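Chains, contacts and geometry: an overview
The primary structure of each chain is shown beneath.
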Amino acid sequence: MRASKFYIKTTREAPVEAESISHKYLTRGSFIQQIAAGIFSIMPFGQRSLDKIRNIIREEMNAIDGLEVTMPVVQPRSIWQESGRADTYIPPLARFSDRRERDMVLAPTHEETVSIMGRYGIASYRDMPLILYQIQTKFRDETRSRGGLLRVREFEMKDAYSFDADAEGLDASYDAMAQAYHNIFSRCGLNAVMVEADSGSIGGKDSAEFALLADSGEDTVLTCDSDSCDYGANLEKAEFLKTRNATENAKAVEKFATPGIKTIQGLATAEGVTESKTVKAVFYTIEDQVYVVVIRGDYEVNETKVRNLMGGAEPRLATRDEVSAAGFVAGSASAVGIDSKYVIADDSAVENANLLAGANEEGYHLRNVNFGRDWDADQIGDIAAAVEGHKCRRCDGGSLRQHRGIEVGHIFKLRTIYSDAMNVKFNDVGGKLQPVFMGCYGIGTGRLLAAAVEANHDDRGMTLPRSIAPFEVVVVGVNMHNNDEVRELAESLYQQLNDVGVDTLLDDRVEAPGAKFADADLIGMPVRVVVSPRSIQNGGVEVKHRKAAPSESTIHAVDEAVSAVQAMLNR
C-alpha cells in the first residue's frame, strides 16, 4: 500500500476528553473517530489492525473446532422474556418498536439467539460437543462510557458458545477455550492473567476473566504474591482467609452507654480492643425491603457477593429515611432483636464470639453479643470485600496484592440455566430427554486493540507487535519525488518486501522527513526502512526497529536489506 493512496490523518494533539493512553494514541494515529459518547467509527489503520485481530481469533477458534455463524443484532424482545432476562439485564436493554409495533431490542449479547440455534439443531448426544462463534456488533447502553475503545456502547465482540451433553464435557470445552484465549492474547502482544470472576448479568455457575494488569484499568484484580500460588480474582469475586479471634465461651450480654460514639473505630478505641472484636450493621434496600447486613467490624461489605447470596437481587445502600422508617437507629444498630428473615450475615460475624454491637438504642451498645443466642440470620455466607494484604485462602503463607486491570476476555460455565429456560434438550444414550450444558466466551475486539496499545507504547506513540500493527514495515523515501535514485530504490524495496510476504507501507507522500518519521512512530510500525541520499552515500538503506532508541539504526547494503528487515521483525 502507498501512503499517498491511504487515508492518513494523524494529529499532534489528542481530544481533551481522552484520558487513557489508548484513546489518545488511537485517535491521534487516525485509527478511530468518535461519533458520540461511546460510539466510534473505525478508520483504515484501525480496520487493518482489527482485521488482523479477527484473523488471529478465527484461527484459534477454528483450531478447537469452532464453527463461525452470524446472529442478528436486532432481536424480538420476546426471546429475552423467554430466558427471563428482558427486565433484569444490566444495563437495561435498548428497545424500540418496528413498523408493526413489535417490541424489539438491540442485542448486548447472544445467549438467547444461540439457544434457539441449538434448540433447532441439537437432537442427540451425538450432535455434541459443539462450539459456535461469531464476530458481531453488540450494543450496551453504558451509563459511563470512557477510555476510547475500553468502554463503549456499540462494540464488536467475538462471542462463542459451547454445547455439551454433561458437566464433564462442559469442563473440557471451557478448558479448551481458556487455552485458546491464552493463545489469542499472547499473539496480540498481551500478557493477560486469568482470574476468577463474577458472572454478572450473563449468569452461570463459574466464570473467569482475562485481565491485562495496567494502571489505566478500571477493574480491580487481586492476586496471591506467593510464587507457588496462581490464585487471582477480580474484586467482585475475590476470597481471602478470614482470621479468627481467640476461642471464648459465650458471656452474658451487657448493655453500656456510649454517648457520641457512632463508628466502629470509635467503639473499638473506647473499649480498648481491635475492630475484629466488633460487629457492624449496614443497611441495604433489596427489592423495596430494608435488610440489616451484619459483618465483623474490621471487614467491609462486597455488594456483588450480597447480590449473589440473595439470588441476583440488586442491593443498594438504604437512605436515612428508609432506615428510620424501618425502626433502626443508625450508629447504634445491630441484628439483635431483628427478625432473622431481614438479616444477612457474613460468616465472620457468625464464627466469632463475644463481640461488641449496637444496642438499637441511641447512645448505647452491647458487649458479648453472640450469633445463635442473641441474633440470627436466614442468609449467611461470604459477603466480605477482599483487599490488599489479606491472607490468601488458597495457599499457606501468601498474601493478596491489588492491581488495576483491563478486562480483555471473559468465559462462563452457563451449565443449564438457558437450556432449562429455553428448552434446549437432547436425547441421551438411553433415549431420555436432558438439558444441554452450555458455556459462553467473549472477547471485545476493539477493547483488545485498545489494551494492546495500553501494554505497548512509549512517549512517541504505539509500539504494537507485528501481528496486529496495521503494517509490519514502512519504507520512507526522503525527498523521493526530487531524487530518481531514492525513488527507484524505495520502490524496489517496497516491491521486494511485499513479494516475500511482508506487509509494507511505502510512504511516498510529499511531506517533510521528520513528519514521516513521527507518523511511523505514532502509528507503531514495527520496522522503519529509510532510503535517503545520505543512506545511499553510507552504503545502502537505514533500518530501525520501532522499540529501539531514536538514534539506534543500522545501515545495510541494498541486496541485504530485505533479509535484515525480516530478521528484525522476527526478533
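Heads up: the structure comes first, above all this text.
Residues numbered from 1 in each chain as written. Predicted model: local features only at pLDDT ≥ 70, side-chain atom pairs only at ≥ 80, totals over all residues. Heavy atoms only, no water.

On to the packing of aromatic side chains, then. Throughout the structure, instances matching the rule amount to 13 aromatic pairs. Ring centres 6.4 Å apart and planes at 90° place the aromatic pair Phe 45 and Phe 471 in the edge-to-face group. Pair noted here: Phe 45 is in helix 2 (residues 44–63) and Phe 471 is in the loop between strand 26 (461–462) and strand 27 (473–477), with a separation of 426 residues, a long-range link. With respect to class, Phe 45 is no different from Phe 471; both count as buried. With 5.5 Å between their ring centres and 45° between their planes, Phe 185 and Phe 210 make a pair best called tilted. Remark: Phe 210 occurs in strand 10 (residues 206–213) and Phe 185 occurs in helix 5 (residues 167–187); sequence separation between them is 25 residues. The ring of Phe 256 has Arg 367 sitting right over it, with the charged end atom 3.9 Å from the ring centre. The ring of Tyr 174 has Lys 413 sitting right over it, with the charged end atom 4.8 Å from the ring centre. (Phe/Tyr/Trp six-rings, centres within 6.5 Å; stacked < 30°, edge-to-face > 60°. Helix = DSSP H or I, 4+ residues; strand = E, 2+ residues; numbered from the N terminus. Buried < 20%, exposed > 50% of the residue type's maximum accessible area, 1.4 Å probe, protein only. Lys NZ or Arg CZ within 6 Å of the ring centre and 35° of its normal.)

With that out of the way, let us pick up the side chain of Ser 173. Looking at the element boundaries, Ser 173 is found in helix 5. Among the residues examined, Ser 173 registers a relative accessible area of 8% and is labelled buried. With near-sequence residues (within four places) excluded, Ser 173 lies in contact with Pro 129, Ser 162, Asp 164 and Tyr 441. (Contact = heavy atoms within 4.5 Å.)

A few words on the side chain of His 545. With respect to the helices, strands and loops of the structure, His 545 is situated in strand 30 (residues 541–545). Assessed through its relative accessible area of 14%, His 545 is described here as buried. At 3.1 Å, the side chain of His 545 and the backbone nitrogen of Lys 547 are in polar contact. In this structure, His 545 is in contact with Pro 526, Val 527, Met 568 and Arg 571, ignoring residues within four places of it in sequence. (Polar contact = N/O pair within 3.5 Å; in protein donor to acceptor, adjacent residues only side chain to side chain.)

This paragraph deals with helix 5. Across its 21 residues, helix 5 extends 30 Å between first and last C-alpha, which sits within 8% of the 30 Å expected from 1.5 Å per residue. Where helix 5 is concerned, the buried positions are Gly 169, Leu 170, Ser 173, Tyr 174, Met 177, Ala 178, Ala 180, Tyr 181, Ile 184 and Phe 185. Looking one or two residues beyond helix 5, the residue adopting positive phi is Gly 189, at roughly 85°. (Expected span 1.5 Å × (residues − 1).)

Attention now moves to the sheet that holds strand 5 (residues 94–97). Read from one edge to the other, the open sheet built from three strands follows the order 4-6-5, with strand pairing classed as antiparallel. Where the open sheet ends on each side, the last strands, each with one partner, are strand 4 (74–76) and strand 5. Here the average twist between neighbouring strands, direction ignored, is 35°. Here three bridges tie strand 4 to strand 6 (residues 103–106), and the two strands are oriented antiparallel to one another. (Pairing = 2+ DSSP bridges. Axes fitted to C-alpha atoms, helices over the stretch in contact; angles between N-to-C directions.)

What follows is about the environment of Lys 391. Along the chain, Lys 391 falls in the loop between strand 20 (379–381) and strand 21 (400–415). Judged by its relative accessible area of 40%, Lys 391 is partly exposed. When the C-alpha atoms of Lys 391 and Asp 225 are compared, they prove to be 9.8 Å apart, with 166 residues separating the residues in sequence. Non-local contacts of Lys 391, meaning those with residues more than four positions away in its chain, are made with Phe 240, Leu 241, Gly 397, Gly 398 and Ser 399.

We now examine the pairing of strand 24 (residues 437–444). For strand 24, the tally of buried residues reaches eight of eight residues, placing the bulk of the element in the interior. Side chains of strand 24 alternate between two faces, with Phe 437, Gly 439, Tyr 441 and Ile 443 and Met 438, Cys 440, Gly 442 and Gly 444 buried alike. Looking at chain direction, strand 8 (residues 154–164) and strand 24 are connected through eight bridges and run antiparallel. Across the sheet, residue Tyr 161 finds its bridge partner in strand 24, namely Cys 440.

So, on to the pattern of salt bridges. Scanning the entire structure with this criterion turns up 51 salt bridges. For Arg 393, the salt bridge goes to Glu 239, with nearest N and O atoms at 3.8 Å. With Arg 393 in the loop between strand 20 and strand 21 and Glu 239 in the loop between strand 12 (232–234) and strand 13 (254–257), this residue pair connects regions lying 154 residues apart in the sequence. With a shortest N-O distance of 2.8 Å, Lys 242 and Asp 346 are connected by a salt bridge. Of the two residues, Lys 242 sits in the loop between strand 12 and strand 13 while Asp 346 sits in strand 17 (residues 343–346), which places them 104 residues apart along the sequence. Of the two residues, Lys 242 and Asp 346, both sit in the buried class. (Salt bridge = Lys/Arg side-chain N within 4 Å of Asp/Glu carboxyl O.)

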